[in-house]
Amino acid sequence: RVESLLGTGGMGRVYKCAQLNIQRPVALKTLKRDLMANQVHMKRFYLEARAASRLDHPNIVRIYDYGVDEEEGIAYIAMEFLKGGSLRAVLTQRKRLPEREACQLLAQVAKALVNAHEAGIIHRDLKPANIMVSRRAEVVILDFGVAKADTNLYRDSESGLPLGTPRYMSPEQVTESPVGPALI
């Protein structure tokens with residue numbers, strides 16, 4: 001049951017819902033109808049669900065289900081409902097975080113990325129808007145929509161264009177260099 005709209009983006013909407021059979025709150029991400037006709041968008045939407053569902057880490061959003069709703073004909077991803085706000089919202093409100101708090105948040109992000117990289121998944125759009133912060137300062141990475149399960153490219157295999165938010169892209173994404181988890 002849809003309870004409320006949580007947000008709208010270029011690709012679709014996210015709703016707070018109740019999974020009635022087990023009385024669990026979920027977030028339901030939907031793809032805009034006009035984008036469903038485009039195979040690249042559908043492929044990317046399902047890649048997000050498959051990539052994130054392969055990961056099992058407390059700092060990565062849990063995916064419960066994905067598909068196309070038969071009645072409405074809408075592509076969806078059902079995922080864990082998270083209480084809190086994006087790191088972007090936190091930074092907008094507070095401007096700066098104390099060094100200790102920032103380090104604690106970033107350590108959680110780093111642990112999640114290590115888990116994803118070990119599974120062969122590169123996020124490619126890690127930015128404050130895709131990091132949720134709970135009231136207890138726990139971090140969860142969201143939106144694997146442009147993730148790459150093959151770490152040899154940071155560009156879209158369909159268009160050859162870099163994917164992600166330019167302001168947050170790694171140099172490898174922009175320069176077409178080989179990419180993967182950073183080696184120290």
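Right above here is the structure, for reference.
Residues numbered from 1 in each chain as written. Predicted model: local features only at pLDDT ≥ 70, side-chain atom pairs only at ≥ 80, totals over all residues. Heavy atoms only, no water.

1. Quick word on the side chain of His57
By the secondary structure assignment, His57 is in the loop between helix 2 (39-53) and strand 4 (63-68). Given a relative accessible area of 15%, His57 falls into the buried group. Polar side-chain contacts of His57 include one of 3.0 Å to the backbone nitrogen of Asn59. Residues in contact with His57, not counting those within four places in the same chain, are Arg62, Lys111, Ala112 and Asn115. (Helix = DSSP H or I, 4+ residues; strand = E, 2+ residues; numbered from the N terminus. Buried < 20%, exposed > 50% of the residue type's maximum accessible area, 1.4 Å probe, protein only. Polar contact = N/O pair within 3.5 Å; in protein donor to acceptor, adjacent residues only side chain to side chain. Contact = heavy atoms within 4.5 Å.)

2. Notes on the pairing of strand 4
Summarising the sheet, strand 4 and strand 5 (residues 75-80) pair through five bridges and their orientation is antiparallel. Bridge pairing in strand 5 links Asp65 to Ala78. In sequence, strand 4 turns back onto strand 5 through a hairpin of six residues, with Gly73 there showing a positive phi of about 70°. (Pairing = 2+ DSSP bridges.)

3. A look at the sheet that holds strand 6 (residues 85-86)
Two modes of strand pairing occur in sheets, parallel and antiparallel, and in both the strands are linked by backbone hydrogen bonds. The antiparallel open sheet is built from three strands, whose spatial order is 6-7-8. Two strands in the sheet have a free side with no partner beyond their single neighbour: strand 6 and strand 8 (139-141). For strand 6 and strand 7 (residues 131-133), the ladder comprises two bridges, and the chain directions are antiparallel. For Ser86, the partnering residue across the bridge sits in strand 7 and is Met132.

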